[in-house]
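Spelled out, the chains give:
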Amino acid sequence: MDVNRRTFLKTTLGSFLATGLPGVSLTEALSKSKKPVKEFRFHASKARVNLGVGPDFTAWTYNGQIPGPEIRVREGEIIRVVLKNYLPEGTTIHWHGIPLPNAMDGVPGVTQNPVMPGESFIYEFEARPAGSYIYHSHVHYQLDQGLYGALIIEPSNPRESYDREYTLALEDWVMRDEGGVANTRRRPPMGMMGGMMRRRSGFGQGRGPLLEPFYDGYAVNGKVYPAVSPLEVSKGDRVKLRLLNPSSATIYDLRLAGHALTITHVDGNAIVPMDTDVLRIGMGERYDVEFVANKPGNWLLTAREGGFGEGMLRIPVQYNGVRRKEVVPPTFHRGLRFATYWDLQAFYPSEGSVSRTADRFYPQTLGGGMHSPFWTINGRVYPNAERLAVRKGERVRIGYWNHSMMPHPMHLHGHFFKVVLPSLPDNRWIQKDTLIVNPMQRVEIEFLADNPGNWFHHCHNLYHMEAGMANVVVYQL
Ligand SMILES: [Cu+2]
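All figures in this text were calculated on a predicted structure; none of them were measured in a lab.

Focus on the confidence of the model for the protein chain
In this model, the protein chain carries a mean pLDDT of 88, and residues with pLDDT of at least 70 account for 87%. Low pLDDT, under 50, characterises residues 1-26; the stretch is placed with 35 contacts to residues that sit more than four places away or in other chains.

What follows is the structure, encoded as structure tokens:
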């Protein structure tokens, strides 16, 4: 999805004129704001798809396509999405990473009832702050069946300049009817917990959660290599990549042959630009990176799964005017630069510091796997989970301790948080909304409770979330 910036401006102006749907009432606050409304119509339905490699199969889609349409707006505009559900079960849309009003957050049983088959729902919120985001269904395993897409908020006062920009959604697929859930098996509920799960409806469809699938297609914007659209560049271009990971259960290590990647944003938040050879991106994370096209040739941007596997996801980078057919893959060897969270620093450190005295502290032990069908926080399985009570204005600290053998990308809805490492100075922090907590790792996050409501907090491995690794942050009066 190459966006020529002049074309983008034209398109934006054009769609301003086309907005405004008679008969749909805005919420009072939004209608008073007089901000431009960008409207999108999404129908959620099953559709036949093909990833460019492998068989046709039936996926769950927005508007018949995977990924769903890219939503691209300017900061401060109003996003209105009219969702109509043609699926056989209820659905919602979650706007991952955007600190929006609670009622628009799209979490079934927490912020809204699922939109049932045949019904419609209007999501409407201000696009803020600028950054790279993902939208996806938050019901059952629908994300792994195709219900996701990119959401890009362009800054109102752009600070960066670049010549080309690409949005790259990295997706793990099972290329069979129904997508991810078609190549897994259900863990039988065991013991007392199992009995409890069986009695509860709506969770794991009452028959215990699913194990993670065996994926057979790693796609970029809905296509598997070699069907992936190449990234075309010209010598001298500054190229921006918006890397999004809407995968359900895959962490990628990315490397571009012949070029270093400069990280400029983590989960939409600007950082002091940092060069890296390898970039790790967990489920729900977004990284904006740039590179300078100064090595003409045909190269591959390759992702491996969390350090394992060989070249399972490939994106060609082609210089215009290069005749050579040979495509050079990257090598993954010792001694490559591998930026971790601790190497990164906020671009605007004056926008806050980490407090040494939080108002609340919630320790969260992450467990499960091994001999249990469930994944747990402090030994509990959602919805039989803790409620993390906070009051507006408080600084809240969450301390993760991962007791399991799997990494967990933990995601907090409705807020950005600062990542805390006690050995770093107070003014050295980054702000994110999804954080990989590695096996046996202890790490803390801190957020300002400034967005009242009930906010889901969970592992972004879909198969861990559906197996209980979730709870809710609740604002008290
Ligand atoms: Cu997890």
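Some remarks on a nonpolar patch on the surface
A grouping of Val-272, Phe-347 and Tyr-348 is seen on the molecular surface, where their side chains present a nonpolar patch of about 240 Å² in accessible area. Positionally, Phe-347 belongs in the loop between β20 (308-319) and β21 (360-368). The exposure class assigned to Phe-347 is partly exposed, which follows from its relative accessible area of 30%.

A closer look at the coordination of the copper ion
Coordination of the copper ion by the protein involves His-408 (ND1), Cys-459 (SG) and His-464 (ND1), with metal-donor separations of 2.0 to 2.1 Å. Mapping the donors of the copper ion onto the primary sequence yields the spacing H-x50-C-x4-H. Taken together, the residues span a long stretch of sequence, with His-408 in strand β25 (residues 408-412) and His-464 in helix α4 (residues 462-465) at a distance of 56 residues. For the pair shown, His-408 and His-464 are each scored as buried.

Things to note about the sheet that holds strand β6 (residues 120-126)
Note: strands within a sheet are paired through backbone hydrogen bonds, in either parallel or antiparallel orientation. With mixed pairing, four strands are arranged side by side in an open sheet as β2-β1-β4-β6. Whereas interior strands pair on both sides, the edge strands pair on one side only; in this sheet they are β2 (57-62) and β6. In this sheet, adjacent strand axes meet at a mean angle of 20° when their direction is disregarded. Pairing of strand β4 (residues 78-85) with β6, which is carried by seven bridges, proceeds in the antiparallel orientation. The partner of Leu-83 across the bridge, within β6, is Phe-121.

A look at the sheet that holds strand β18 (residues 286-292)
With respect to topology, seven strands assemble into an open sheet ordered β11-β10-β9-β13-β18-β15-β16, the strand pairing being mixed. Each end of this open sheet is capped by a strand with a single partner; those strands are β11 (223-224) and β16 (269-276). As paired elements, strand β9 (residues 164-173) and strand β10 (residues 217-220) share four bridges and run antiparallel to each other. Each bridged residue has a counterpart across the sheet, and for Leu-170 the counterpart in β10 is Val-220.

Some details on the pattern of salt bridges
A pair can form between side chains of opposite charge whenever their charged atoms are brought close. Tallied over the full model, the rule gives 28 salt bridges. Notably, a salt bridge pairs Arg-286 with Asp-433, separated by 2.8 Å at the nearest N-O pair. Of this pair, Arg-286 sits in strand β18 while Asp-433 sits in the loop between β27 (431-432) and β28 (434-437), and the two are 147 residues apart along the sequence. Taken as a pair, Arg-286 and Asp-433 share a single burial class, namely buried. Put simply, Glu-70, Arg-72, Glu-154, Glu-160, Glu-165, Lys-240, Arg-242 and Asp-288 are held in one network by salt bridges that share partners.

Describing the side chain of Thr-276
Mapping Thr-276 onto the fold places it in strand β16. There is a polar contact of 3.3 Å between the side chain of Thr-276 and the backbone oxygen of Arg-337. Polar contacts involving the side chain of Thr-276 include one to the main-chain amide nitrogen of Ala-339, which spans 2.9 Å.

Focus: the side chain of Asp-237
Within the secondary structure, Asp-237 sits in the loop between β12 (231-233) and β13 (238-244). A polar contact of 2.8 Å, which involves the side chain of Asp-237, links it to the backbone nitrogen of Ser-234.

Some points on the packing of aromatic side chains
What the rule picks out here adds up to 14 aromatic pairs. Where Phe-42 meets Tyr-62, the ring centres are 5.4 Å apart and the plane angle is 40°; that geometry is what we call tilted. On the criterion of sequence distance, the pair formed by Phe-42 in strand β1 (residues 37-49) and Tyr-62 in strand β2 is long-range, its members being 20 residues apart. Each member of the pair, Phe-42 as well as Tyr-62, is classed as buried. With a centroid separation of 5.0 Å and an interplanar angle of 25°, the aromatic rings of Tyr-141 and Tyr-463 are classed as stacked. Of this pair, Tyr-141 sits in the loop between β7 (131-136) and β8 (148-154) while Tyr-463 sits in helix α4, and the two are 322 residues apart along the sequence. A single burial state applies to Tyr-141 and to Tyr-463, both of which are buried. Cluster of aromatic residues (ring-pair linked, three or more members): Phe-42, Tyr-62, Trp-95, Phe-121, Tyr-123, Phe-125 and Tyr-135. A cation sits over an aromatic face here: Arg-159 above Phe-347, 3.8 Å from the ring centre.

Side note on the environment of Tyr-362
Tracing the backbone through its elements, the reader meets Tyr-362 in strand β21. The exposure class assigned to Tyr-362 is buried, which follows from its relative accessible area of 14%. Tyr-362 sits 27 residues away from Ala-389 along the chain, and the two C-alpha atoms are 9.4 Å apart. Not counting residues up to four positions away in its chain, the partners in contact with Tyr-362 are Leu-388, Ala-389, Val-390, Val-396, Arg-397, Ile-398 and Gly-399.

A word on unusual backbone geometry
For the bond from Tyr-225 to Pro-226, the omega torsion is 10°, close enough to zero to count as cis. Relative to the elements of secondary structure, Pro-226 occurs in the loop between β11 and β12. Along the chain, Tyr-382 connects to Pro-383 via a cis peptide bond; the corresponding omega equals 10°. Positionally, Pro-383 belongs in the loop between β22 (375-377) and β23 (387-391). For His-140, which is not glycine, the phi torsion reads 45° and is therefore positive. Tracing the chain through its elements places His-140 in the loop between β7 and β8. Unlike most non-glycine residues, Met-440 shows phi in positive territory, near 65°.

Quick notes on the pairing of strand β31 (residues 470-476)
Buried residues dominate β31, accounting for six of its seven residues. Inspection of the sheet shows β23 paired to β31 by five bridges, in the parallel sense. Bridge pairing in β31 links Leu-388 to Val-473. Taken together, the five bridges between strand β30 (residues 454-459) and β31 define a ladder with antiparallel strand orientation. Looking at β31, one finds that His-457 is bridged to Asn-471.

Each value, and the rule that gives it
- Residues numbered from 1 in each chain as written.
- Predicted model: local features only at pLDDT ≥ 70, side-chain atom pairs only at ≥ 80, totals over all residues.
- Heavy atoms only, no water.
- pLDDT = per-residue confidence, 0-100.
- Contact = heavy atoms within 4.5 Å.
- Patch = residues over 30% accessible without salt bridge, like charges linked within 9 Å, V, L, I, M, F, W, Y side chains within 5 Å.
- Areas by Shrake-Rupley, 256 points an atom, 1.4 Å probe, with all protein chains shown as cover.
- Salt bridge = Lys/Arg side-chain N within 4 Å of Asp/Glu carboxyl O.
- Helix = DSSP H or I, 4+ residues; strand = E, 2+ residues; numbered from the N terminus.
- Buried < 20%, exposed > 50% of the residue type's maximum accessible area, 1.4 Å probe, protein only.
- Donors = N, O, S within 2.8 Å, 3.2 Å for Na, K, Ca; no water.
- Pairing = 2+ DSSP bridges.
- Axes fitted to C-alpha atoms, helices over the stretch in contact; angles between N-to-C directions.
- Polar contact = N/O pair within 3.5 Å; in protein donor to acceptor, adjacent residues only side chain to side chain.
- Phe/Tyr/Trp six-rings, centres within 6.5 Å; stacked < 30°, edge-to-face > 60°.
- Lys NZ or Arg CZ within 6 Å of the ring centre and 35° of its normal.

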